[in-house]
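If you want the building blocks of each chain, they are given just below.
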Amino acid sequence: MSTQQDFPRIGVVGAGAMGRGIAQLFAQAGHEIVLCDSQPEATAAALQAIGSTFERLTEKGRMSVAEAQAARARITSVERLEALAGCGLVIEAIIERLDAKRLLFERLEKIVAPDAVLATNTSSLSVTAIAAACSRPERVAGIHFFNPVPLMKVVEVIRGVRSDAAVIERLIALVSATGHRPVVASDTPGFLVNHAGRGYGTEALKALGEGVSDAVGIDRILREQVSFNGNGFRLGPFELLDLTALDVSHPVMESIYRQFYDEARFRPSVITAQRQAGGLLGRKSGEGFYRYVDGRQVSADEAPVPPVSALPPVWVKGDDDRAAALAATARELGADLESGSQPSARALILLAPLGEDATAAAAGLDASRCVAIDTLFGYAVRSCKRRVLMPTPATHPEFLAAARALFAADGAAVSVLRDSPGFIAQRVVAMIVAIGCEIAQQRIADPTDIDAAVRAGLGYPAGPLEMGELLGPATIVAILEGMHAVTNDPRYRPAQWLRRRALLGLPLYHQD
Ligand SMILES: NC(=O)c1ccc[n+]([C@@H]2O[C@H](COP(=O)([O-])OP(=O)(O)OC[C@H]3O[C@@H](n4cnc5c(N)ncnc54)[C@H](O)[C@@H]3O)[C@@H](O)[C@H]2O)c1
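Residues numbered from 1 in each chain as written. Predicted model: local features only at pLDDT ≥ 70, side-chain atom pairs only at ≥ 80, totals over all residues. Heavy atoms only, no water.

Draft legend 1. Examining the sheet that holds strand 12 (residues 348–351) more closely. The five strands lie next to each other as 11-12-13-14-15, forming an open sheet whose pairing is mixed. Each edge of the open sheet carries a strand with a single partner, namely strand 11 (314–316) and strand 15 (413–416). Here the average twist between neighbouring strands, direction ignored, is 30°. Relative to strand 15, strand 14 (residues 386–391) runs parallel, the two being bridged by four bridges. Within strand 15, the residue paired with Arg 386 across the bridge is Ala 413. (Pairing = 2+ DSSP bridges. Helix = DSSP H or I, 4+ residues; strand = E, 2+ residues; numbered from the N terminus. Axes fitted to C-alpha atoms, helices over the stretch in contact; angles between N-to-C directions.)

Draft legend 2. Here's a closer look at the site of the ligand. Lining the immediate environment of the ligand, one finds 20 residues, of which Met 18, Asp 37, Glu 96, Lys 101 and Asn 121 sit closest. The contact in question runs from an oxygen atom of the ligand to an N or O atom on the backbone of Ala 17, over 3.1 Å. Within the backbone of Ile 94, an N or O atom sits 3.2 Å from an oxygen atom of the ligand. Coverage of the ligand by the protein chains reaches 70% of its 830 Å² of free accessible surface. Classifying every residue of the shell around the ligand gives eight nonpolar, nine polar and three charged. (Near = heavy atom within 4 Å. Polar contact = N/O pair within 3.5 Å; in protein donor to acceptor, adjacent residues only side chain to side chain. Areas by Shrake-Rupley, 256 points an atom, 1.4 Å probe, with all protein chains shown as cover. Nonpolar A, V, L, I, M, F, W, Y, C, P; charged D, E, K, R; others polar.)

Draft legend 3. Spotlight on the nonpolar core. The biggest cluster of nonpolar side chains holds 88 residues, and the ones touching the most others in it are Phe 238, Phe 289, Ile 424, Met 467 and Leu 498. For this core, the element with the highest residue contribution is helix 17 (residues 425–441), accounting for 12 residues. Ignoring sequence-local partners within four residues, the contact set of Phe 289 consists of Leu 205, Leu 208, Ala 215, Phe 238, Leu 241, Asp 242, Leu 246, Ile 271, Thr 272 and Arg 275. The next biggest cluster of nonpolar side chains, apart from the first, holds 38 residues, and it includes Ile 75, Ala 93, Ile 143 and Phe 145. (Core = buried A, V, L, I, M, F, W, Y, C linked by side-chain atoms within 4.5 Å. Buried < 20%, exposed > 50% of the residue type's maximum accessible area, 1.4 Å probe, protein only. Contact = heavy atoms within 4.5 Å.)

Draft legend 4. Local environment of unusual backbone geometry. The omega torsion across Asn 147 and Pro 148 is -5°, close enough to zero to call that bond cis. Counting through the fold element by element, Pro 148 comes out in the loop between strand 6 (140–144) and strand 7 (154–159). Even without a glycine there, the phi angle at Tyr 261 is positive, about 55°. Among the structural elements, Tyr 261 can be located in the loop between helix 12 (246–259) and helix 13 (270–277). The class of Tyr 261 is exposed, set by a relative accessible area of 75%. Despite not being glycine, Arg 382 shows a phi value in the positive range, around 70°.

Draft legend 5. Expanded view of the packing of aromatic side chains. For the coordinates displayed, the defined rule picks out seven aromatic pairs. A centroid spacing of 5.5 Å and a plane angle of 55° characterise the contact between Tyr 200 and Tyr 460, whose relative ring orientation is tilted. Remark: Tyr 460 occurs in the loop between helix 18 (447–458) and helix 19 (464–471) and Tyr 200 occurs in helix 9 (residues 198–209); sequence separation between them is 260 residues. Relative accessible area serves as the criterion here: at 2%, Tyr 200 is assigned to the buried category. Both rings, one in Phe 228 and one in Phe 377, keep their centres 5.3 Å apart while their planes meet at 90°; by these two values the pair is edge-to-face. Linking Phe 228 in the loop between helix 10 (215–224) and helix 11 (237–244) with Phe 377 in the loop between strand 13 (370–373) and strand 14, this pair joins segments that are 149 residues apart in sequence. Accessibility classification places Phe 228 together with Phe 377 in one group, the buried group. By the ring-pair criterion, three or more aromatic residues cluster together here, those being Tyr 200, Phe 233 and Tyr 460. (Phe/Tyr/Trp six-rings, centres within 6.5 Å; stacked < 30°, edge-to-face > 60°.)

Draft legend 6. Examining the packing of helix 9 against helix 17 more closely. Relative orientation of the contacting elements helix 9 and helix 17 amounts to 145°, with a least axis distance of 8 Å. Helix 9 and helix 17 meet at a crossing whose hand is right-handed. Contact with helix 9, carried on its side by Arg 198, Gly 199, Tyr 200, Glu 203, Ala 204, Lys 206 and Ala 207, involves Arg 427, Val 428, Met 431, Ile 432 and Ile 435 of helix 17 and no other residues of that element. A class-by-class count of the residues in the contact of helix 9 with helix 17 yields seven nonpolar, one polar and four charged. (Left-handed = near helix turned anticlockwise from the far one by under 90°.)

Draft legend 7. Geometry of the pattern of salt bridges. Taken as a whole, this structure holds 27 salt bridges when the rule is applied. Two residues, Glu 210 and Lys 206, come together in a salt bridge whose shortest N-O distance is 2.8 Å. Taking relative accessible area as the criterion, Glu 210 reaches 36% and is therefore assigned partly exposed. Put simply, Asp 366 and Arg 369 hold a salt bridge, and the shortest N to O gap is 2.9 Å. When its relative accessible area of 35% is taken as the criterion, Asp 366 is described as partly exposed. Residue class for Arg 369 comes out buried when judged on its relative accessible area of 9%. One network of salt bridges, with partners in common, ties together Arg 220, Arg 223, Glu 224, Glu 239, Glu 302 and Arg 386. (Salt bridge = Lys/Arg side-chain N within 4 Å of Asp/Glu carboxyl O.)

Nothing here speaks to function; it is all geometry.
What follows is the structure, encoded as structure tokens:
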């Protein structure tokens, strides 16, 4: 049976930003839409906006005039909820308040047929708590779209505690037929995308709070150093926070942390609480982590790396593959490498820690001559945009300057951090992988759905489990164990899903 046959007539309650997008998507897919809002002017504005969108799509050649007219004709608006009686599915997209949604579902249940499906587009409320207002909660599920609905091609189908499996299957088929990708998640805080997205901002904020770098410096690293199959993050975490605005994102960070009973991985930062209180909300207030003039971000250019007159000889700690690759790159960049088992008294000492800070990695060596470099992502000569260095607090400025000059010799940008377990990229990426693995471990969603949701919903260059696979599960465990050992913070404990698969040599996609 086609989904038009299964749900020929869909009610949409709430004609705001989301309701109108949902109406457009399903009208284009051939369904009759009945749009209802408590404010009649909202439905009028929605119909107007959808009509203009169809016009634009025909002008761009994405739809024929006949298709646009037919799709527009499939949408009607009604003032009274009772007019939804003939809808086999009603999707709710009203104000984000539990009392309002529960009241609406209670009313809808008395209007629609006994076998009609009721779905909520809530982003942050419990689908189960909304369904509990109904005498038949098994017919209620979540159908969580992203804004703008026609362009964001992933939809979370949320299984409430009492949702009927057949209802979930029907919603999956309905979403698939529109061309969007359905992902299924159980009803848990943040569902899939907002749960998996916790690592990026909170870990960057943690590093900022530790004074490891400034916001601009952290953004540069995550955009330019991180690379999965040639792609980095499109926006740095602080650019992203500026875009979503702190009055939206800080409460979400707090709410998800509290809803998971103070899970350390999600611990929010006092930085965003203070900045929100101070009105530094982001783009919309003209100033956030960046300043905006006429809507454009203002940020200072990066200072060039000062040259040094003569480089000291270089000694690389370690005898594993990672150390050998670092030695080869340093030589290619012009370093005079020492090959002894210990550095000479003049040598710049290079460290390549995973998860540890430079101080821990410098144990047993002269810390005043030690500089660590992040080797998690490619740093090869002439193909690398940015290398990231980290001195110990005791490193002499002369040795740091030598390391900066050496690693800038081929024109790559060089970031210098204050000492931090896991630099920036290691800690942020390991946290994203750890949270993705926790989602898999808790059986909130299937591994492939976790990755698909994160790629499409958050625009990351790879899904969390894919990131772990590309870098190697054992490497991610080593980073997390290093960070955990240095900080003693349970936030960094390796996820069990990850640890077991790394130990057994299984892919992170392996389900048991
Ligand atoms: N905006 C987003 O980015 C986004 C993304 C995903 C999910 N959501 C969720 O979608 C829902 C709607 O969000 P939005 O951004 O479209 O909001 P919105 O404020 O743009 O629109 C809400 C509409 O619902 C109407 N409304 C309010 N109470 C009503 C009621 N009791 N009965 C009928 N109509 C009522 C309002 O008049 C308004 O037109 C919320 O639950 C929100 O959390 C929003």
